[in-house]
Amino acid sequence: MKKVLSLVLLTLFICLPNKFYSQLITDGAGVGITVNGKSSFKNLSAVDPYYGNKFNYTTYDFWLPIPSFKLGKTRILGIINYRILDFTFDRNIEISPNYITKIQEIKPTLVVRHPFGERWAAFGVFIPTIASDFKNSFSMNDMVFDGIFGVSRKFGEKSNLEIGIGPHVMYAFGKFLITPALSLDYKSNNGKWFAQIYWPRVNIFRNLGNNTQVGLAGSIDWTLHNLQNYKNYQGEEIDYAQFSAIHGGLQINQRLFDGFWLQLQGGLGFANKYTLFNAQNDTISNYKAKEMPYVKMMLSYRFGK
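Residues numbered from 1 in each chain as written. Predicted model: local features only at pLDDT ≥ 70, side-chain atom pairs only at ≥ 80, totals over all residues. Heavy atoms only, no water.

## A closer look at the overall build of the chain
Piece 1. Counting its regular elements, the chain contains two helices and 17 strands.
Piece 2. By residue count, 51% of the 305 residues in the chain fall in the buried class.
Piece 3. Long-range pairs, those at least 24 residues apart, make up 61% of the contacts in the chain with a sequence separation of at least 6.
Piece 4. Carbon and sulfur atoms make up 61% of the accessible area of the chain, which amounts to about 14600 Å² in all. (Helix = DSSP H or I, 4+ residues; strand = E, 2+ residues; numbered from the N terminus. Buried < 20%, exposed > 50% of the residue type's maximum accessible area, 1.4 Å probe, protein only. Contact = heavy atoms within 4.5 Å. Areas by Shrake-Rupley, 256 points an atom, 1.4 Å probe, with all protein chains shown as cover.)

## Focus on a positive patch on the surface
Piece 1. Residues Lys42, Lys54, Lys288 and Lys290 make up a contiguous surface patch of positive charge.
Piece 2. By the element assignment, lysine 54 lies in the loop between strand 1 (27-36) and strand 2 (55-71).
Piece 3. Judged by its relative accessible area of 44%, lysine 54 falls in the partly exposed class. (Patch = residues over 30% accessible without salt bridge, like charges linked within 9 Å, V, L, I, M, F, W, Y side chains within 5 Å. Salt bridge = Lys/Arg side-chain N within 4 Å of Asp/Glu carboxyl O. Lys, Arg positive; Asp, Glu negative; His and termini not counted. Charge placed at Lys NZ, Arg CZ, Asp CG, Glu CD.)

## Concerning the pairing of strand 4 (residues 102-116)
Piece 1. Relative to strand 4, strand 3 (residues 74-89) runs antiparallel, the two being bridged by twelve bridges. Within strand 4, the residue paired with glycine 78 across the bridge is leucine 110.
Piece 2. Pairing analysis gives ten bridges linking strand 4 to strand 5 (residues 120-132), with the strands arranged antiparallel. Residue pairing for strand 5: valine 112 is matched across the bridge by glycine 124.
Piece 3. A loop of three residues connects strand 4 with strand 5, the two strands running antiparallel in sequence, and glycine 117 in this loop sits at a positive phi of about 70 degrees. (Pairing = 2+ DSSP bridges.)

## Focus: the pairing of strand 8 (residues 168-172)
Piece 1. What you see with strand 8 is a clean split: His168, Met170 and Ala172 sit on the buried side and Val169 and Tyr171 on the side with no burial.
Piece 2. By the bridge criterion, five bridges tie strand 6 (residues 143-155) to strand 8 in an arrangement that is antiparallel. When the sheet's bridge partners are listed, isoleucine 148 is paired in strand 8 with histidine 168.
Piece 3. As judged from the five bridges shared by strand 8 and strand 9 (residues 175-179), these two strands associate in the antiparallel manner. Paired with tyrosine 171 across the bridge in strand 9 is phenylalanine 176.

This is the structure in structure tokens:
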């Protein structure tokens, strides 16, 4: 299970071509809201506090660029993202840190990229993350440290395909984890089609002129946060928790003016889970939720577009 969790992290920013096609880099500033329909946790005993209690949640995202600069050929840039997951239940339950109500995440991302040769580049990505319900004072246990180091190479006569590989290193809750990563960025020769395929995101779009894009978008969305010194309803010690979901659907991107874009997405969220782990990274509670429809709206400014 721990290896599966780590894969959610390992290639969020693994492929970084010269124009930085990754959404959180290209869309250097913006706001977003995702509204998820109502669902409930499955296969619970009648004594569980979540039993028969339907819920929905809304995700709010805000991101701003970190000023970029160059040292010789090396380019350094990044963003800082703030996310809120706000949960609402039909029936009030006991106020306790191991019951989800609101989770907050602060994630600065610093990218260092150095080209070498005609088509190669080396890069490093540093992602220190704070994720907590903030029901207690901040501690270093609220930190997750990520780093991705690798190389990428462009292919094709127009260098319109780029493949990146490299190890991901994560330190969280007293554990180091090293895993591999692979990603792909593609743009057709006529500029009408483009695709980004990298865990945990897939984007495949067609340009309809210079101002409109339509296509498919999918992602694994997750938040890992500290719950040390608390117990689940069965009395077992908790170390940390994760809420995760897979989203997939149709998306349309429309330029409003200049570099400002409106992005609308609608689809289905599935594999929704709230999982509690102990200090040995073993699952002690695994709440699985039913599928839920969702809609997402983002307003962003794209640099260089």
